[in-house]
Number of protein chains: 2
Amino acid sequence: MNTTDPERIQSTEAAANTLRGRRLGIDTQFEAVVFMRKDCAVCRSEGFKAHSRVRLTHGERSIIATLYQVTEDLLAHGEAGLSESAWWRLGLSAGDEITASHPRPLESLSKLRGKVYGRRLDEAALEEILADVVAGRYSDVHLASFITACSARALDHDEMVGLTRAMADAGERLNWPTRPIVDKHSVGGLPGNRTTPIVVAIAAACGLTMPKTSSRAITSPAGTADTMETLAPVELDIAAMRRVVEREGGCVIWGGAVRLSPADDTLIRVERALDLDGEGQLVASVLSKKIAAGATHLILDMPVGPTAKVRSNAAATALSQSLLAVARAFGVVAKVILSDGRQPVGRGIGPALEARDVLAVLQASPDAPLDLRERAVTLAGSLLELAGTVEIGTGVATAADVLASGRAWSKFQRICEAQGGMRTPPLAKQRNPVVANSAGVVSSIDNRRLAKVAKLAGAPDDKAAGVECHVRLGAVIAPGEPLYTVHSETPGELGYALDYVAVNDDIFELAEG
Amino acid sequence: MNTTDPERIQSTEAAANTLRGRRLGIDTQFEAVVFMRKDCAVCRSEGFKAHSRVRLTHGERSIIATLYQVTEDLLAHGEAGLSESAWWRLGLSAGDEITASHPRPLESLSKLRGKVYGRRLDEAALEEILADVVAGRYSDVHLASFITACSARALDHDEMVGLTRAMADAGERLNWPTRPIVDKHSVGGLPGNRTTPIVVAIAAACGLTMPKTSSRAITSPAGTADTMETLAPVELDIAAMRRVVEREGGCVIWGGAVRLSPADDTLIRVERALDLDGEGQLVASVLSKKIAAGATHLILDMPVGPTAKVRSNAAATALSQSLLAVARAFGVVAKVILSDGRQPVGRGIGPALEARDVLAVLQASPDAPLDLRERAVTLAGSLLELAGTVEIGTGVATAADVLASGRAWSKFQRICEAQGGMRTPPLAKQRNPVVANSAGVVSSIDNRRLAKVAKLAGAPDDKAAGVECHVRLGAVIAPGEPLYTVHSETPGELGYALDYVAVNDDIFELAEG
């Protein structure tokens, strides 16, 4: 039982470390950065050094920012320079004053360390960690450690339930007046597998309620939200989303804009940099969004193949069990449908190229990719059965009929209009074919390296960038025949992708015919 | 077998993305940062976004920097702003031109991912990872993932040997004309355990060669280099170090300045932010430095206690076995000495406060801390025996005699002079006692939380900051009696430490007497 002089603490708290905020016009994305002079009185009195984490307060708002120190005359005495993200999060106007102080120590880091060394994370620990993540109190170093620990020390069932709940609770929760609320998710890893807009159109055309929120890409060249954005606005808030769903029964919007499971977007950014996406993180990422969105019935599409995200039937079984068990813990009726993951789906890889395939299927074009059409019909059919809309065994036929009749295409156009107006997917400025050196039969396609080509070409940030596949497994190829075309918006990115292609000349493997 | 148009690649490479470098005077420490205008032609043609990793080249030099984009008029067209670290690492002068391009994909990240999912890291993988770390190609996210993975997936013997070798090989290696070359290391976690300067003085006074390189603090309030720096310069290069050792037989310098195992300093910075220091990392950190320094005989001091780094005899045995086995793999004769780690050693915690204890022991002051003296004599005695300088069983008596006779103190003064001149440790401006609320006997002391108080007070960055302990285990305490005093250079840091003390009033636990 030790005490300190209470007056000393009060006088420390009272010392106002006030600086005039100055907007420097520096875009650091998500990361809040503050610039202070090295000789600034606040740095001296608080002992701040470059890379210190600093608590900035303006009125009711408070954020944690990374400090960089300025030695030259970028700033006047008494000024603090702010990155765009820091400026907006503090809600500043020109000339406003801010105070700078030490952030409180992050108690949740001891829970994270415990996990690294093998202790389980209970619900309270996960809530504490997720609250710090959502509030921006974790630096990139902390986020990367959390992602890595949850991949290296696989989460058990209770941890997955806890993480799912903590992630869902950390953002908005949607409630709907009707039941069932249906939803669909593809466990990624298969380029071009863009069935969601088609499934939503079929389900909504059949009278189901499907308020679909989708992610942007994690480690892939396109997420459904990236693809959909080339067809209609996707950054709708909750009120706008409700209006679309009330009118049309369905929507396809970006989940991040409605702050469903907002921690997910922060974690996804770091997962992307690490190319890590562990099972527990994956289950919680998928299900926290569905639970926050109010889903009651859920179809999970899981492609399996040697270069898909799920590589074997054993892995598919394990992941399915985790997903179904966690869904059950939240009262969600779910079903997993395994599919062939040996090659990309459709022709396009990248937001706009995949959107073109989606349009071809919805419009029942003669050259629509058959595989994409078939997958969408299978998933929509299962969803109709799961939700009790049709008899078991008749779902696929019903879905195919809704698509062939044009009802799904009409519904999709109405959804796009309700979301803010239909768009035409852009076409890339730079296009370069990659051709076969020799004759043969296509015997394997490396999804991962093909996705990497699309990413190096600029996808998903550049909507038009990606890869357009011209041949599929089993195709007979002549020397010089184009295998795929790289699409890019800039010569730099095209060159970057083609450099990679030059040293990876076996992405499409040819066997002697 | 696919090919691309070779002319296309060449034309991309030839496109010179040249910008005029401008020194912005922004201190980001280690991290290289480049600022470009959002509307800059290079950003547009290369597709760079905020937070992109960008390769910057000037003449022969090339670095990877993090990009921030500037929206206002901080920069003219055709300019790139550079942080201090980026400016110096590229060796720029005012007006110099630099080129910006995409960095090559980091192949070693796939090895890191493999480790996360349980695959072993072989020597080639570790060399590849460490080469990327030393070259600054890993971002904080990658470094944090590597540290976390090596803590969560404990390294086995071969991985520890591989990591030790890769770390030693990534920097300078010292060779000495004589044998034995003796060395000493304390496995940290015990505040105030600053025996090294005393052991070096005794060993060198006995004619041994002890070219000691020490670390700065990892997660503790002071490393030996931080403490020694308050007594003499420690940032000596290899030539200066050789001169000191040739003249005096010993030195105590900062290892980072001679680039022995330079990856260690990069990793330590992230370990510090995460407060993670796994066994494999610890073994490699300790031994890579000793091996690079050319040590042949090594004493390892390992304090054991509930709040020390090593908490139990079982943990001590496991860690000892790892250290000895890896040392043996490199032909180093090593011995581990376990010691009592239940409370801090000496009185001071923090660089200057610990240096005062060291001086008191070397000067044989009547009020010198007995425990620090005894530990130093034990370690020095073991080292004299291990190196064959004295008969087994006579080491401790010899060491005590060298200390009592003043020969160690003379030698230490000569070493300090040779390193650049002896200094007087500073005293902090702010000092605040923490007193007992009630009477009792000190029954336990929480080393970790006490170290945290010292760190919050500003240690190790502020040399004078830290904690001065007034009582030890078993002391009988009256109400209002000071238990320890917090030393700080700034009111802000003092307040921060005392805020923590206020909610941690049981760091010293008192039992009824």
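Details of the structure are given in the entry above.
Residues numbered from 1 in each chain as written. Chains lettered and ligands numbered in written order. Predicted model: local features only at pLDDT ≥ 70, side-chain atom pairs only at ≥ 80, totals over all residues. Heavy atoms only, no water.

**Concerning helix α7 (residues 157-169) of chain B**
All names here are of chain B.
Thought 1: For α7, with 13 residues, the first-to-last C-alpha span of 18 Å sits near the 18 Å given by 1.5 Å per residue.
Thought 2: Residues of α7 that are buried include every one of Glu159, Met160, Val161, Gly162, Leu163, Thr164, Ala166, Met167 and Ala168, and no others.
Thought 3: Buried residues in α7 make contact with α4 (108-116), α5 (123-134), α6 (140-152), α11 (263-274), α12 (279-292) and α13 (313-329).
Thought 4: Capping of α7 at its N-terminal end is provided by Asp156; its side-chain oxygen lies 3.2 Å from the backbone amide nitrogen of Asp158. (Helix = DSSP H or I, 4+ residues; strand = E, 2+ residues; numbered from the N terminus. Expected span 1.5 Å × (residues − 1). Buried < 20%, exposed > 50% of the residue type's maximum accessible area, 1.4 Å probe, protein only. Contact = heavy atoms within 4.5 Å. Polar contact = N/O pair within 3.5 Å; in protein donor to acceptor, adjacent residues only side chain to side chain.)

**With respect to the sheet that holds strand β20 (residues 508-511) of chain B**
Two orientations exist for strands paired in a sheet by backbone hydrogen bonds: parallel and antiparallel.
Residue and element names in this part refer to chain B.
Thought 1: Here we have three strands laid out as an open sheet, ordered β18-β16-β20, and antiparallel in their pairing. Unpaired on one side and paired on the other, β18 (476-477) and β20 mark the two borders of the sheet.
Thought 2: The pairing of strand β16 (residues 440-445) with β18 spans two bridges and is antiparallel. Across the sheet, residue Val441 finds its bridge partner in β18, namely Val476. (Pairing = 2+ DSSP bridges.)

**Some points on the nonpolar core**
Thought 1: By size, the foremost hydrophobic cluster in this structure holds 131 residues, and its most contacted members are Phe146, Leu287 and Leu323 of chain A together with Phe146, Leu287 and Leu323 of chain B.
Thought 2: When near neighbours in sequence (up to four residues on either side) are disregarded, Leu323 of chain B contacts Val187, Val283, Val286, Leu287, Leu300 and Met302 of chain B. (Core = buried A, V, L, I, M, F, W, Y, C linked by side-chain atoms within 4.5 Å.)

**Some thoughts on the pairing of strand β5 (residues 53-58) of chain B**
Side-chain positions along a regular strand alternate between the two faces of the sheet.
Residue and element names in this part refer to chain B.
Thought 1: As paired strands, β5 and strand β6 (residues 61-70) are joined by six bridges and run antiparallel to one another. Following the sheet pairing, Val54 is matched in β6 by Ala65.
Thought 2: Taking the residues between adjacent antiparallel strands as the criterion, β5 and β6 are bridged by two residues, where Gly59 takes a positive phi near 60°.
Thought 3: In the sheet, β5 pairs with strand β8 (residues 97-101) via three bridges, with the strands oriented antiparallel. Within β8, the position partnered with Arg55 by the bridge is Ser101.

**A closer look at the relation of the copies chain A and chain B**
Thought 1: In the superposition of chain A on chain B (RMSD 0.0 Å, axial shift 0.0 Å), the rotation amounts to 180°. Taken together, the rotation and translation relating the two chain copies correspond to the operation of a two-fold axis.
Thought 2: A shared interface surface links the copies, since 100% of the contact residues of chain A are contact residues in chain B too. (Least-squares fit on C-alpha atoms with pLDDT ≥ 70 in both.)

**Digging into the packing of aromatic side chains**
Thought 1: Enumeration over the complete set of coordinates arrives at five aromatic pairs over all chains.
Thought 2: With centroids separated by 5.9 Å and ring planes inclined at 65°, the aromatic side chains of Phe35 of chain A and Tyr68 of chain A adopt a geometry described as edge-to-face. With Phe35 of chain A in strand β4 (residues 33-37) and Tyr68 of chain A in strand β6 (residues 61-70), this pair connects stretches of sequence that are 33 residues apart. For the pair Phe35 of chain A and Tyr68 of chain A, a shared accessibility class is recorded, and that class is buried.
Thought 3: With centroids separated by 5.4 Å and ring planes inclined at 20°, the aromatic side chains of Tyr484 of chain B and Phe508 of chain B adopt a geometry described as stacked. Note that Tyr484 of chain B is positioned in strand β19 (residues 482-488) and Phe508 of chain B in strand β20, a separation of 24 residues in sequence. (Phe/Tyr/Trp six-rings, centres within 6.5 Å; stacked < 30°, edge-to-face > 60°.)

**Description of the pattern of salt bridges**
Thought 1: Applying the stated rule across the entire model yields 53 salt bridges over all chains.
Thought 2: Between Arg216 of chain B and Glu229 of chain B there is a salt bridge, and its shortest N-O distance comes to 2.9 Å. Taken together, the residues span a long stretch of sequence, with Arg216 of chain B in the loop between β10 (210-214) and α9 (224-228) and Glu229 of chain B in the loop between α9 and α10 (238-248) at a distance of 13 residues.
Thought 3: By relative accessible area, Glu229 of chain B is classed as buried at 17%.
Thought 4: Three or more residues joined by partner-sharing salt bridges are found here, namely Arg216, Asp226, Glu229, Glu235 and Lys463 of chain A. (Salt bridge = Lys/Arg side-chain N within 4 Å of Asp/Glu carboxyl O.)

**Concerning the environment of Ala397 of chain A**
Thought 1: With respect to the helices and strands, Ala397 of chain A occurs in helix α16 (residues 395-404).
Thought 2: Note: C-alpha distance between Ala397 of chain A and Arg431 of chain A (34 residues apart in sequence) is 39 Å.

**With respect to the interface of chain A and chain B**
Thought 1: Chain A puts 85 residues into the contact, and the matching count from chain B is 85 residues.
Thought 2: Together, the buried faces of chain A and chain B total about 7100 Å²; carbon and sulfur atoms form 58% of this surface.
Thought 3: Viewed at the interface, chain B and chain A are joined by three salt bridges.
Thought 4: Put simply, Asp275 of chain B and Arg113 of chain A hold a salt bridge, and the shortest N to O gap is 4.0 Å.
Thought 5: Where chain A touches chain B, the interface holds 24 residue pairs in polar contact (both at pLDDT 80 or more).
Thought 6: No other element matches helix α19 (residues 491-503) of chain A, which puts 10 residues into the side of chain A that touches chain B.
Thought 7: Looking at the side of chain A that touches chain B residue by residue, the class counts come to 37 nonpolar, 24 polar and 24 charged. (Buried area = accessible area lost by both parts, 1.4 Å probe. Nonpolar A, V, L, I, M, F, W, Y, C, P; charged D, E, K, R; others polar.)

**Some words on α6 of chain B**
Helical periodicity: at 3.6 residues per turn, an α-helix aligns residues three or four positions apart in one direction.
All names here are of chain B.
Thought 1: Under the 1.5 Å per step criterion, the end-to-end length of α6 is 18 Å for 13 residues, consistent within 8% with the ideal 18 Å.
Thought 2: Within α6, 12 of the 13 residues are buried, leaving the element largely enclosed by the surrounding structure.
Thought 3: Listed in full, the buried residues belonging to α6 are Val141, His142, Leu143, Ala144, Ser145, Phe146, Ile147, Thr148, Ala149, Cys150, Ser151 and Ala152.

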